[in-house]
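# Notes for the structure review
Residue-level listing of the chains:
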Amino acid sequence: MAAVQNEKPTAAGENMEKDSRHSESRNSDSIGELNVQSDQLQRHLGNRQIQMIAVGGTIGTGLFVSIGGGLAVGGPGNLLLGYSIHALMVCLINNSLAEMVCYMPVSGSFIRMAGRWVDDSLGFLAGWNFFLYEAILIPFEITALNLVLTFWTDKIPVAAVCIIVILLYAIINIAAVKYYGEAEFWLSTGKLLLILIVFFFTFITAVGGNAQHDAYGFRYWYSPGAFAEHITTGTLGRFHGFLGSLFSACFTVVGPEYIAMVAGEAERPRVYIKNGFKTIYWRFFVFFVLGSLAVGVVIPYNDPKLNNGSGTADGSPYVIAMQNMGVAVLPHIVNALLLTSIFSAGNAYVYCGMRTLHALACDGQAPAIFKKTMKNGIPIYAFAVTMAFPFLSFLQAGGSTGSAVSTLQSVTEGATMINYICISLTYIFFYRACKAQGVDRKSMPYYGYFQPYGAYITFVYMILIEAIFGYVVFIPGHWSVAAFFPPYTMAFVAILLYFGWKIVKRTKFVKPMEADLVWEKPMIDAYEATFTEPPTRFRDEMWEFITRRKRTKNTHEEDLSSS
């Protein structure tokens, strides 16, 4: 495998031919011998794990907790409209990102592509913005987890919860990536179960399956109404409400970037990663469009618990609705599953944070020490730095949990838009390079339709959202320094990162004819060529996983009986 790292094609080909005899039958232990790459990471993630990581990356805390704030300021009509529009925009982002990542599934993904195909300064900006975004979200999720725990009791010490969660994140992420993948598989299963429960709850109670036998249907769309007034009254107030709901969607509707970040550690990335990207479209419709509709059905936007700022589990609109209807047991089940959802989101942020730092080091945009990995492919020093951020969650102990959640959410929401701006711009340059160099995009593993128009639309849209996200502070009577900085902090940081690196390194934009569209493609092509049998389908791999567990159990029982 050292031959691959030292870029000796002949030796690499011999090693890969030798390993190809085991390519389809190998398990997660033997695969490491084949695919240690020039960046020291290992391709351990199989189709089953990747598809569930795609689910886990889509469903986060916002879908079950923060969405209530969007309902409170905008009402159910604005909430549905805002989530539908933003979900469509992120689907266009997915269309751009999928084409690039499936063509060049390298570690660091769009972060390194921005530096390679656009401008080294953009890669520096994209990487550090995404790292800070992921790293800051880790304590946010721990904060949210403490918030949900107060549903049962406020006697649990905040510091104790923080310590336990940090230790669990460390244990999962210091092990080989296959263990992270396995943990996310089970945690994402819990997320799916949770969303099915709240959807069934919404439908059954809306048609009269509740203690009051009240078929309320879309009652709350009529009273108090579909469109709430926010800040002011009348049409302008309802427009403010729409913007509030749209900004809620900007924090909640995410996902494609998490599939992209595992591309460098995925088996058969041009097949399994492609499948993950393709499922984003229907997942966004089910999770976000139907999710925003369900929230607006079960609870009115003027319920006082939606925005009480108490820092309790009342922040989950589904739990509030269940309590309002007198449902006794289900709120406890939902909150228990919500804990696993929140934990899973934080776990994913730890993974992405350390891989981002490692990717920056690979391109000389972070200290070289962050390239160092253990034998299992874990970037150990990047792990250590990333794990320092969860300790920010201890700030809760000295103040309001709800205030901490709100502040962290505002800061990270701006970073999300910057991230999508970088992806859109990277695709525009990638498209130009393909056209200039005569690369047939239709021959790529994933062909993005409606391009480059989709990338231009998202580029303009995300810049607009980033610019107006904190517009409320500019309304007469609403100005305050404390309210100004959270929505715009990451925008100022992004400007400093980009121009600071450009001035120091004197970087230039990459011309279309000079863009490196070869890069690691020969190595990835050689790796993909070692597979001689068709890729396994998700349902086949799931069946194999289930039956293998059953066989193991039966064999163990036979051994016990024979003894």
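Across its full length, the protein chain holds 22 helices and zero strands. Within the span of the protein chain, comprising 563 residues, buried residues form 59% of the whole. Expressed as a percentage of contacts within the protein chain between residues at least 6 apart in sequence, the contacts between residues at least 24 apart total 81%. As displayed, the protein chain offers around 22,800 Å² of accessible surface, 65% of which is attributable to carbon and sulfur atoms.

Tallied over the entire structure, the rule returns 35 aromatic pairs. Relative to Phe 469, the ring of Phe 247 lies with its centre 5.5 Å away and its plane at 90°, an arrangement referred to as edge-to-face. Taken together, the residues Phe 247 in helix α11 (residues 234-252) and Phe 469 in the loop between α19 (453-468) and α20 (481-505) connect sequence positions 222 residues apart. Here Phe 247 matches Phe 469 in class, with each residue buried. A network of ring pairs unites the aromatic residues Tyr 103, Trp 117, Tyr 427, Phe 430, Tyr 431 and Trp 519 as a single cluster. The ring of Phe 429 carries Arg 432 above its face, with NZ or CZ at 4.9 Å from the centroid. Here the guanidinium or amino end of Lys 502 rests over the ring plane of Phe 509, the centre of that ring lying 5.2 Å away.

Turning to helix α8 (residues 158-174), a few remarks are in order. Since there are 3.6 residues in each turn of an α-helix, residues three or four apart along the chain are aligned in direction. For α8, spanning 17 residues, the distance from its first C-alpha to its last is 24 Å, which sits close to the expected 24 Å at 1.5 Å a residue. For α8, the complete set of buried residues consists of Val 161, Cys 162, Val 165, Ile 166, Tyr 169, Ile 172 and Asn 173. Looking down the long axis of α8, one finds its buried residues gathered within 135° of arc, a one-sided arrangement. Exposed side of α8, more than 90 degrees from the buried face: Ile 164, Leu 167 and Ile 171 are the residues found there. Summarising the contacts, the buried residues of α8 are in contact with α7 (120-149), α9 (177-206), α16 (330-362) and α17 (380-386).

Turning to the pattern of salt bridges, a few remarks are in order. Considering all chains together, one arrives at 10 salt bridges under this definition. Across the pair Arg 112 and Glu 520 runs a salt bridge, and its minimum N-O distance is 3.7 Å. Taken as a pair, Arg 112 in helix α6 (residues 110-117) and Glu 520 in the loop between α20 and α21 (521-529) lie far apart in primary sequence, 408 residues in all. Each member of the pair, Arg 112 as well as Glu 520, carries the same accessibility label: buried. Across the pair Asp 525 and Lys 521 runs a salt bridge, and its minimum N-O distance is 2.9 Å. With Asp 525 and Lys 521 both in helix α21 and four residues apart, the pair spans about one turn of that helix. In this structure, a network of salt bridges that share partners links the residues Arg 112, Asp 363 and Glu 520.

Turning next to the environment of Trp 128. Mapped onto the elements of the fold, Trp 128 is located in helix α7. Separated by 17 residues in the primary sequence, Trp 128 and Ile 111 place their C-alpha atoms 9.0 Å from one another. Not counting chain neighbours up to four residues away, the residues in contact with Trp 128 comprise Leu 357, Leu 360, Gln 365, Ala 366 and Leu 497. Only 3.1 Å separates the side chain of Trp 128 from the backbone oxygen of Gln 365, close enough to count as a polar contact.

This part takes up unusual backbone geometry. That bond from Ser 223 to Pro 224 is cis: its omega, 15°, falls within 30 degrees of zero. Relative to the helices and strands, Pro 224 resides in helix α10 (residues 219-225). The linkage connecting Gln 451 with the following residue, Pro 452, adopts the cis geometry, with an omega of 5°. Relative to the helices and strands, Pro 452 is located in the loop between α18 (401-436) and α19. Positive phi values are uncommon outside glycine, yet Phe 450 reaches one of about 60°. Note on placement: Phe 450 falls in the loop between α18 and α19.

Here we take up the confidence of the model for the protein chain. Of the residues in the protein chain, 84% have a pLDDT of 70 or more, and the chain-wide mean is 82. The secondary structure element of the protein chain with the lowest average pLDDT is helix α1 (residues 2-5), at 36, and the one with the highest is α19, at 96. Residue range residues 309-313 is modelled with pLDDT below 50. Its contacts to residues more than four positions away, or to other chains, number 11 contacts.

Take helix α5 (residues 67-103) next. Between its first and last C-alpha, α5 extends only 35 Å over 37 residues, short of the 54 Å set by a 1.5 Å rise per residue. Its axis deflected by about 120° at Gly 75, α5 carries its strongest bend there, up to four residues before the proline Pro 76. Across the 37 residues that make up α5, a large majority, 31, are buried.

Below, the discussion takes up the packing of α11 against α19. Relative orientation of the contacting elements α11 and α19 amounts to 115°, with a least axis distance of 12 Å. With respect to their mutual orientation, α11 and α19 come out roughly perpendicular. Both α11 and α19 take part in a crossing whose hand is left-handed. Residues Leu 243, Leu 246, Phe 247 and Cys 250 of α11 lie in contact with α19, whose contacting residues are Tyr 461, Ile 465 and Ile 468. Residues belonging to the contact of α11 with α19 are distributed by class as follows: seven nonpolar, no polar and no charged.

Once that is clear, we can look at the nonpolar core. In this structure, Phe 64, Trp 117, Ile 273, Phe 277, Phe 430 and Met 462 are the most contacted members of the largest nonpolar core, which totals 168 residues. Sort the elements by how many residues they give to this core and α7 lands first, with 19 residues. With residues up to four places along the chain from it excluded, the contact list for Trp 117 reads Met 100, Met 104, Thr 426, Phe 429, Phe 430, Val 510, Ala 515, Asp 516, Leu 517 and Trp 519.

A few words on the environment of Lys 274. Relative to the helices and strands, Lys 274 is located in helix α13 (residues 269-278). Using a relative accessible area of 24% as the deciding quantity, one classes Lys 274 as partly exposed. Between the C-alpha atom of Lys 274 and that of Val 101, which follows or precedes it by 173 residues, the distance is 8.4 Å. Apart from residues no more than four positions distant in its own chain, Lys 274 is found in contact with Cys 102, Pro 269, Pro 445 and Tyr 446.

The rules behind the values
Residues numbered from 1 in each chain as written. Predicted model: local features only at pLDDT ≥ 70, side-chain atom pairs only at ≥ 80, totals over all residues. Heavy atoms only, no water. Helix = DSSP H or I, 4+ residues; strand = E, 2+ residues; numbered from the N terminus. Buried < 20%, exposed > 50% of the residue type's maximum accessible area, 1.4 Å probe, protein only. Contact = heavy atoms within 4.5 Å. Areas by Shrake-Rupley, 256 points an atom, 1.4 Å probe, with all protein chains shown as cover. Phe/Tyr/Trp six-rings, centres within 6.5 Å; stacked < 30°, edge-to-face > 60°. Lys NZ or Arg CZ within 6 Å of the ring centre and 35° of its normal. Expected span 1.5 Å × (residues − 1). Arc of directions from axis to C-beta. Salt bridge = Lys/Arg side-chain N within 4 Å of Asp/Glu carboxyl O. Polar contact = N/O pair within 3.5 Å; in protein donor to acceptor, adjacent residues only side chain to side chain. pLDDT = per-residue confidence, 0-100. Bend = angle between axes of the 7 residues up to and from the residue. Axes fitted to C-alpha atoms, helices over the stretch in contact; angles between N-to-C directions. Parallel < 35°, antiparallel > 145°, perpendicular 65-115°, else oblique. Left-handed = near helix turned anticlockwise from the far one by under 90°. Nonpolar A, V, L, I, M, F, W, Y, C, P; charged D, E, K, R; others polar. Core = buried A, V, L, I, M, F, W, Y, C linked by side-chain atoms within 4.5 Å.

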